[in-house]
Amino acid sequence: MSFTAEVKDELARVVPVCSHCQKATLAALVRIEGTLYLSGQGRYRVEIATDLPSVARLIIKLLHEIYQLKTDLTVRRSVLHKTPNYLIEIPNQPGLLEALCDMGILDENRQLVAGIKEDIVAKDCCTAAYLRGAFLGSGFVSDPRGDFHFEVTVENKDLADALVLLMQRKGISARVMQRRSSYMVYLKSGSTILEFLAFTGAHQSALAMENARVIKSVRNEVNRQTNAEMANQAKAVNASMDQIYAIRTVLENYGRDEIPPALQEFIRLRVAHPDATLKELGEYANPPLSKSAVYHRVRRIEQMAQEVLKRS
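Only a predicted model underlies this, so the values are computations on that prediction, with no experimental measurement involved.

A. Quick look at the side chain of lysine 23. Of note, lysine 23 is situated in helix H2 (residues 21-33). Among the polar contacts made by the side chain of lysine 23, one reaches the side chain of aspartate 102 at a distance of 3.0 Å.

Following this line, the structure appears as structure tokens:
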């Protein structure tokens, strides 16, 4: 099961806080996932499709309990993905028009409402319930082990902007982006996705995401440290090779008596410890030398080698 499916499965089981929360969740689901059909006789019917059985059960349950509407369920199987799809049909019947108006799908003139009916989301708990329904309808959240991404896709900009405003009420910063004929409300940072999950009631999913964030953060820090250590080792090895080349040049062109004792000691240490850093070479010396003192000897050896190359 994908992380999106896990989140939706958890959200579909959230217990409502007040008696109006269920209506807010259903209103979002019908608005985002529902298709409204109107016949020439002014008869309405609605179809709602979902891929998750828990969401299908929730939709049917709410339609029955809140509005006592009859529903028909058809289970279809995708030939391409080999997964079931649940089609819920609400046929034309007494009470359907009133329910659509009550949920803010239609206004009193039977026109489609562009945004969100304010009295449906008047309370914080109902705001959370509406956002929960929006995600259950067309939400997607990436696996937290990878890059963070969250989106809810809707068909018009007014509804997208209204969802953004609902999130802003709770300090959740969202943005809208047009994608062909639809609009995507999206969150990019892990912290804002966590805030959304916690606010809408997906606490177990939020905990799983936080654990994944911690693991990823630790892994990234270990990788950074490892890369830094490897870079430092490579730098030290390259410097050591340059020093050994300079030492070889000096030894081939200077007699032993021409090389000062301090430089002779450095040559001995470097040849004995080709992979050591300057600090480590200083610790090997007797008595120990500071890194600055060792570096001074390196510079003197390199100068002697350069003088040889200039004469040749």
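B. Broad picture of the nonpolar core. By size, the foremost hydrophobic cluster in this structure holds 73 residues, and its most contacted members are Met103, Tyr130, Leu163 and Phe196. Looking at this core element by element, the count peaks at nine residues for helix H5 (residues 124-138). With near-sequence residues (within four places) excluded, leucine 163 lies in contact with Ile116, Tyr130, Leu131, Ala134, Val152, Val154 and Val185. Core analysis: the next-biggest nonpolar cluster, separate from the first, contains 19 residues, Leu263, Leu278, Leu281 and Val298 among them.

C. How the structure looks around the sheet that holds strand S6 (residues 150-154). Strand order across the open sheet formed by four strands is S5-S6-S8-S7, with antiparallel pairing between neighbours. In the strand order of this sheet, the two ends are held by strand S5 (139-141) and strand S7 (175-179), each with one partner. Averaged over all pairs of adjacent strands, the angle between strand axes in this sheet comes to 25°, irrespective of strand direction. Two strands pair when backbone bridges link them, and S5 and S6 are joined in this way by three bridges, in the antiparallel orientation. Note that in S6 the partner of glycine 139 across the bridge is valine 152. Across the sheet, H5 lies against S5 and S6, angled at about 80° from S5, the strand it touches most.

D. Region of the structure containing the environment of aspartate 158. Its place among the elements puts aspartate 158 in helix H6 (residues 157-169). Overall, aspartate 158 belongs to the partly exposed group, its relative accessible area being 45%. In sequence terms aspartate 158 and alanine 114 are 44 residues apart; their C-alpha atoms lie 5.7 Å from each other. Setting aside anything within four residues of it in sequence, one finds aspartate 158 in contact with Ala114 and Gly115.

Calculation notes
- Residues numbered from 1 in each chain as written.
- Predicted model: local features only at pLDDT ≥ 70, side-chain atom pairs only at ≥ 80, totals over all residues.
- Heavy atoms only, no water.
- Helix = DSSP H or I, 4+ residues; strand = E, 2+ residues; numbered from the N terminus.
- Polar contact = N/O pair within 3.5 Å; in protein donor to acceptor, adjacent residues only side chain to side chain.
- Core = buried A, V, L, I, M, F, W, Y, C linked by side-chain atoms within 4.5 Å.
- Buried < 20%, exposed > 50% of the residue type's maximum accessible area, 1.4 Å probe, protein only.
- Contact = heavy atoms within 4.5 Å.
- Pairing = 2+ DSSP bridges.
- Axes fitted to C-alpha atoms, helices over the stretch in contact; angles between N-to-C directions.

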